[in-house]
Amino acid sequence: MEKQPSVRVAWTPADVAALAGQDLSRSLCVAIDVLRATSTLTTALANGATAIIPAAELDEARQLHAANPGALLCGERHGLPPDGFDLGNSPREFTRARVAGRLIVHTTTNGTRAVRACATAAETVIGCFLNISAVADRIRARASDIDCLVLACAGTFEDFSMEDALFAGALVEHLGWRHPIRSLWAGRTGPLEMALGLTRNGRRLKELGLREDILFCAQIDTTPILGTVNARGQIAA
Ligand code: MLT
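Residues numbered from 1 in each chain as written. Predicted model: local features only at pLDDT ≥ 70, side-chain atom pairs only at ≥ 80, totals over all residues. Heavy atoms only, no water.

1. Concerning the site of the ligand
And step 1. Taken together, Asp33, Leu35, Arg36, Ala37, Glu76, Gly79, Asn89, Thr108, Thr109, Asn110, Gly111 and Arg204 make up all the residues around the ligand.
And step 2. Residue arginine 36 places a side-chain N or O atom 2.7 Å away from an oxygen atom belonging to the ligand.
And step 3. Threonine 108 is positioned such that a nitrogen or oxygen atom in its side chain is 2.6 Å from an oxygen atom of the ligand.
And step 4. In isolation the ligand has 260 Å² of accessible area, and contact with the protein removes 97% of it. (Near = heavy atom within 4 Å. Polar contact = N/O pair within 3.5 Å; in protein donor to acceptor, adjacent residues only side chain to side chain. Areas by Shrake-Rupley, 256 points an atom, 1.4 Å probe, with all protein chains shown as cover.)

Shown next as structure tokens:
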């Protein structure tokens, strides 16, 4: 029978930030920001982006873009693209026509921080509903050589976010592993797009006229592509 490593959930941005100071050398981390950063990163890679450089701050993103002039500068603050950016953080913008063959510099409020906080993990993968089976397959493949699966839920503003916790529950359910977070997924009611739309982040996206992004991010298993963080700190498939 497959070995089950321990499962830890970083529920809030503060929990996620604390990962940066911990020994994650025997952990596989899943960075989760369903609405929308990890859904967008996965879509960019599925549509042929070569790699993504996660930048914590706007200034850092602009500097990285200046150092990589062929790259696309992408991301959000308050849900919208900052001045001078090529693309925002809507997965619908990251079409094959826009991103195939391109390097991307990406900065978002919480998603980027989650990816970077996991930097010292044995492996960090980018998880969302769009590629949940690919995420589960990678975890199963690594189960015998890690001690811990860390589910890094990026959160909304400084708080817990239900959409990330729902994904974490769905993932553990998919794996068939023991952890009480499965009950969150099992206890959902209605279609996933409705559950995502009722979250704080979902309501904010609707206020911004971005309801379509919620529908996009609620799709399950549209791609087998899995983003992982490489030794240079870039995300690639
Ligand atoms: C984040 O990183 O905080 C989110 O992805 C925000 C968003 O998509 O607007």
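2. A word on helix α10 (residues 200-207)
Residue pairs spaced three or four apart in an α-helix point in one direction, given the helix's 3.6 residues per turn.
And step 1. Taken together, the buried positions of α10 are occupied by Asn201, Gly202, Arg204 and Leu205. Seen end-on, α10 carries its buried residues on one side only, within an arc spanning 160°.
And step 2. As for α10, its buried residues are in contact with α7 (162-175), α9 (192-197) and α11 (211-217).
And step 3. Taken from the residues just after α10, glycine 209 is the one with a positive phi, measuring 80°. (Buried < 20%, exposed > 50% of the residue type's maximum accessible area, 1.4 Å probe, protein only. Helix = DSSP H or I, 4+ residues; strand = E, 2+ residues; numbered from the N terminus. Arc of directions from axis to C-beta. Contact = heavy atoms within 4.5 Å.)

3. Section: the pattern of salt bridges
And step 1. Applying the stated criterion across every chain, the model contains eleven salt bridges.
And step 2. Here arginine 116 makes a salt bridge to glutamate 60, at a shortest N to O gap of 2.8 Å. A residue pair is termed long-range when its members are at least 10 positions apart, and arginine 116 in helix α5 (residues 111-117) and glutamate 60 in helix α3 (residues 58-67) qualify at 56 residues.
And step 3. Since its relative accessible area comes to 36%, arginine 116 is described here as partly exposed.
And step 4. For glutamate 60, a relative accessible area of 25% gives the class partly exposed.
And step 5. A salt bridge links arginine 92 to aspartate 213, with the nearest nitrogen and oxygen atoms 2.6 Å apart. Here arginine 92 is found in the loop between β4 (72-75) and α4 (96-99), whereas its partner aspartate 213 is found in helix α11, with 121 residues between them in sequence.
And step 6. The class for arginine 92 is partly exposed, based on a relative accessible area of 36%. (Salt bridge = Lys/Arg side-chain N within 4 Å of Asp/Glu carboxyl O.)

4. Notes on the environment of glutamate 193
And step 1. Summarising the element assignment, glutamate 193 is placed in helix α9.
And step 2. Relative accessible area serves as the criterion here: at 36%, glutamate 193 is assigned to the partly exposed category.
And step 3. Through-space distance from the C-alpha of glutamate 193 to that of leucine 215 is 5.5 Å; in sequence the pair is 22 residues apart.
And step 4. Leave out the neighbours within four places in its chain, and glutamate 193 touches Ile214, Leu215 and Ala218.

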